[in-house]
Amino acid sequence: MIMLVEQNVVIKDPRKVDLRFASCYPNLYKAAMSSLGFHIIYDFLNSREDVYCERVVYPYFESLESNSKLSDFDIVGFSLQYEQDYFNVLRMLDKSNIEVLKENRTYDDPFIIAGGPSASSNPLPMSKFIDLFIIGEAEAILDEVIDTYLDLDDPKKEIDAFLDIKGVYIPDNPAKIAIVKDMDDACHPVRQVVPKTDNKRFIPAFGEAFLLGVSRGCTRGCRFCMAGCIYRPRRETSLNKLFKVAEKGRNATGLNKIALIGADVSGYSKMEELCEGLLKRGFMVTTPSMRIESITENLLDILQKSGLKTITIAPESTWNLRNVLNKPINDEEILNVMEMAFRRNMNVKLYFMVGLPAEAMEDLQETVKYIKNLNKMGKRLNAVRISINPFIPKPHTPFQWENFNFADLEAKYKYLNKNLKNIPLKVEDLERAFIQHILSVGGADIGDMIHKTYKKKLKIKDWQEINLKLDIDSEVPWKNIDTGISNDFLKNEYKKALKGDITPWCEIFGCYKCGACLKNEIN
């Protein structure tokens, strides 16, 4: 049980509602409270008089609102943001005396659902444990899911009744993603829950900040980015709406710091106007990773005045491989952004990937040289921070057919560590990344491995025995999940990637008929 003081917690009498909903985040509290989606579910469901939504975060197994066990709820919903959290889902169920395997659960057990990016892209690995998946943006269909549940005598036995809801996936049935068309009509939670604590374990990633939903979706076309593919098309909240939500949020929370949230925050069409307007209204502003080509001198001035001390950018790799990724940013643009930041005494955090498609040893040698040169630009301690992550193929992207070569990546890791030993690096654990790869692109049979790993603590060598090699003609496990992007488009992009060919940004150069805009028209 967390001993924590929070502001804006919703308290209802469980006896006076028709349904109790446990919104579960299978990761730490600080991560949960940094997720705008988690706040949205809480606000959206509690706006209904007949529903009481309470929060449960790992490693705790009781609700923050009333210390209720998961077994006390009618519906238990998990937000699956990261594949590595799948094991925590099982722990939360097991510790709550709920059967982990759905086939062993009875009428008296809660109805278990899941949503979030990982559930939307490939729910198959968790299909042995979850009764129903929400594909896409939950607020678009949650009312319908709740209403259907309340109309049924035995939702588990009558689960086919949910199939009429667009955005619902029940294993072996086709599902089409559901999204919110108009961001001004989206849920923008104002009375966000704010933790009052000095304990670093419970301070959200953005600190004491109000989360403001600027946009959803991204059409830049980076070939490795799952979120950029499945949540198309890009949708923006209007400037006036954002200012109104920010003001109401300050009145409800007392927070003067705004964290801008979105898949492509710095690509917001009126980014400078937004930041300048928030600054004039007395807000400090912070942002997640920013797109290099969208950073200007004026934008950095505004952000610095509002308190931002570190900018985060993602060069990913060398120029040649950035073309493979469909991220054609030249080295001069990156150097220019870093120099702009350093002139303002700001810090720069850089993200790189290794093990990319078409990556040769020469590319890795060039990456090492490039990182050394970038690191030299920082004249102060920790002015440059570098993070290196192995490339992990994701469903619904042009690279979904790529493989994860553990031995090759291990050799490349050794090379990087040897040649960058005097540069402080944050490097993702390779074994964890390999398991994440299996969880990302595996089928329903991977559920057995998840269950065995949870029960018996299987090791990496057990996972390495799994053969998940796909090719461009393979039938993918997630074939029943329709995110709007056509398979022909993904195949064409994959072939272009291997040639190093670019697909320019559609919002400037025109439609490539990927299918995403058609998806939005017929929703």
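All of these numbers come straight from a predicted model, not from anything done at the bench.

Chemist: Can you explain the overall build of the protein chain? Please cite residues and give values.
Modeler: Check the secondary structure of the protein chain and you find 19 helices and 19 strands. For the protein chain, with 523 residues in total, the buried portion stands at 58%. For the protein chain, the proportion of contacts with a sequence separation of at least 24, taken over those separated by at least 6, is 77%. Accessible surface for the protein chain amounts to roughly 22,600 Å². Of this, 47% is attributable to carbon and sulfur atoms.

Chemist: So, the sheet that holds strand S3 (residues 51-57): which residues are in play, and what are the values?
Modeler: Strand order in the open sheet made by the 6 strands is S3-S2-S4-S5-S6-S7, with mixed pairing throughout. In the strand order of this sheet, the two ends are held by S3 and strand S7 (168-169), each with one partner. Bridge count for strand S2 (residues 19-25) against S3 is 7 bridges, and the pairing is parallel. Of the residues in S3, the one forming a bridge with Cys-24 is Val-56. Helix-sheet contacts for helix H2 (residues 36-46) involve S2 and S3, and the interaxial angle to S3 is about 155°.

Chemist: How would you explain the packing of aromatic side chains if you had to name every residue and give the values?
Modeler: Taken as a whole and assessed by the stated rule, the structure comprises 12 aromatic pairs. Their ring planes at 80° and their centres at 6.2 Å tell us that Phe-87 and Trp-463 sit as a pair that is edge-to-face. Of this pair, Phe-87 sits in helix H3 (residues 86-95) while Trp-463 sits in helix H16 (residues 460-464), and the two are 376 residues apart along the sequence. Ring centres of Phe-391 and Phe-399 lie 5.7 Å apart, and the angle between their planes is 90°; this geometry places the pair in the edge-to-face category.

Chemist: So what about the environment of Lys-196? Which residues, and what values?
Modeler: Residue placement: Lys-196 occurs in strand S9 (residues 194-196). Since its relative accessible area comes to 38%, Lys-196 is described here as partly exposed. Note: C-alpha distance between Lys-196 and His-396 (200 residues apart in sequence) is 40 Å. Excluding residues that lie within four positions of it along the chain, Lys-196 makes contacts with Val-5 and Gln-7.

Chemist: Talk me through the nonpolar core; I want residue IDs and the actual numbers.
Modeler: Leu-260, Ile-311 and Trp-463 are the most contacted members of the largest nonpolar core, which has 130 residues in total. Take this core: its biggest share by element is 7 residues, from helix H14 (residues 430-441). Of all hydrophobic cores here, the second largest spans 44 residues; its members include Leu-19, Phe-21, Leu-142 and Ile-261.

Chemist: Could you give me a rundown of the pairing of S3, with the residues and numbers involved?
Modeler: In terms of residue burial, S3 counts as a mostly covered element, since 7 of its 7 residues are buried. Across the two faces of S3 the burial is the same, with Val-51, Cys-53, Arg-55 and Val-57 and Tyr-52, Glu-54 and Val-56 all buried.

Chemist: Give me a nonpolar patch on the surface: which residues, what numbers.
Modeler: Taken together, the side chains of Ile-508, Phe-509 and Tyr-512 define a hydrophobic patch exposed on the protein surface, amounting to about 340 Å² of accessible area. Note on placement: Ile-508 falls in helix H18 (residues 506-509).

About the thresholds
Residues numbered from 1 in each chain as written. Predicted model: local features only at pLDDT ≥ 70, side-chain atom pairs only at ≥ 80, totals over all residues. Heavy atoms only, no water. Helix = DSSP H or I, 4+ residues; strand = E, 2+ residues; numbered from the N terminus. Buried < 20%, exposed > 50% of the residue type's maximum accessible area, 1.4 Å probe, protein only. Contact = heavy atoms within 4.5 Å. Areas by Shrake-Rupley, 256 points an atom, 1.4 Å probe, with all protein chains shown as cover. Pairing = 2+ DSSP bridges. Axes fitted to C-alpha atoms, helices over the stretch in contact; angles between N-to-C directions. Phe/Tyr/Trp six-rings, centres within 6.5 Å; stacked < 30°, edge-to-face > 60°. Core = buried A, V, L, I, M, F, W, Y, C linked by side-chain atoms within 4.5 Å. Patch = residues over 30% accessible without salt bridge, like charges linked within 9 Å, V, L, I, M, F, W, Y side chains within 5 Å. Salt bridge = Lys/Arg side-chain N within 4 Å of Asp/Glu carboxyl O.

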